[in-house]
Amino acid sequence: MQRVIFYTKEACSLCEDAEALLSLFKGEFPYELEKRDIYSNDKWLEEYHLQIPVIEIEGKQLNCEELNYNAIELLFKGQKGGTR
């Protein structure tokens, strides 16, 4: 089972949309979701405040500008380089 880290914040409509999109993959790619509120950690806030939502799988990330169905699918398959 893959571990997905989801960088988010409260009251973020883009984050809600990204989480809903991510949930479409639960059947094909079972995963454990770890949600990280960027306001709970100064390092996360500094790094992601302009990029959330961010989805990370096995060290590869997609930020708000890259998130779409195809990009997430490729990330699950390990075929996307991500932003980091």
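The structure we're discussing is the one just above.
What you are looking at is a predicted structure, and each value in this text was computed from that prediction instead of being measured.

Student: Let's hear about the overall build of the protein chain: which residues, and what values?
Tutor: Of regular secondary structure, the protein chain possesses three helices and four strands. Helices (α) and strands (β) of the protein chain occur, in sequence order from the N terminus, as β-α-β-α-β-β-α. A compact globule built from 84 residues should have a C-alpha radius of gyration of about 12 Å, and the protein chain, at 12 Å, falls within 12% of that. Judged by the C-alpha coordinates and their principal axes, the protein chain covers about 35 × 25 × 20 Å. Across the 84 residues in the protein chain, those meeting the buried criterion constitute 38%. Carbon and sulfur atoms provide 46% of the accessible area of the protein chain, an area that totals close to 5,000 Å². Measuring between centres, the 10 positive side-chain charges of the protein chain sit 4 Å from its 16 negative side-chain charges.

Student: Pulling in residues and values, what's your account of the pairing of strand E1 (residues 2–8)?
Tutor: Across the seven residues of E1, six count as buried, placing the element largely inside the fold. Here E1 pairs with strand E2 (residues 31–37) via seven bridges, running parallel. Paired with glutamine 2 across the bridge in E2 is tyrosine 31. The β-α-β motif built from E1, the intervening helix H1 (residues 13–23) and the parallel element E2 has right-handed crossover chirality. The pairing of E1 with strand E3 (residues 54–57) spans four bridges and is antiparallel.

Student: Break down the sheet that holds E1 for me, citing the residues and quoting the values.
Tutor: Strand order in the open sheet made by the four strands is E2-E1-E3-E4, with mixed pairing throughout. Of all strands in the sheet, those bounded by a partner on one side alone are E2 and strand E4 (60–62). Direction aside, the axes of adjacent strands within the sheet are offset by 20° on average. Packed onto the sheet, H1 meets E1, E2 and E3 and runs at close to 165° relative to E1.

Scoring rules and cut-offs
Residues numbered from 1 in each chain as written. Predicted model: local features only at pLDDT ≥ 70, side-chain atom pairs only at ≥ 80, totals over all residues. Heavy atoms only, no water. Helix = DSSP H or I, 4+ residues; strand = E, 2+ residues; numbered from the N terminus. Rg over C-alpha atoms; globule rule 2.2 N^0.38 Å. Buried < 20%, exposed > 50% of the residue type's maximum accessible area, 1.4 Å probe, protein only. Areas by Shrake-Rupley, 256 points an atom, 1.4 Å probe, with all protein chains shown as cover. Lys, Arg positive; Asp, Glu negative; His and termini not counted. Charge placed at Lys NZ, Arg CZ, Asp CG, Glu CD. Pairing = 2+ DSSP bridges. Right-handed = clockwise from strand over helix to strand, strands pointing away. Axes fitted to C-alpha atoms, helices over the stretch in contact; angles between N-to-C directions. Contact = heavy atoms within 4.5 Å.

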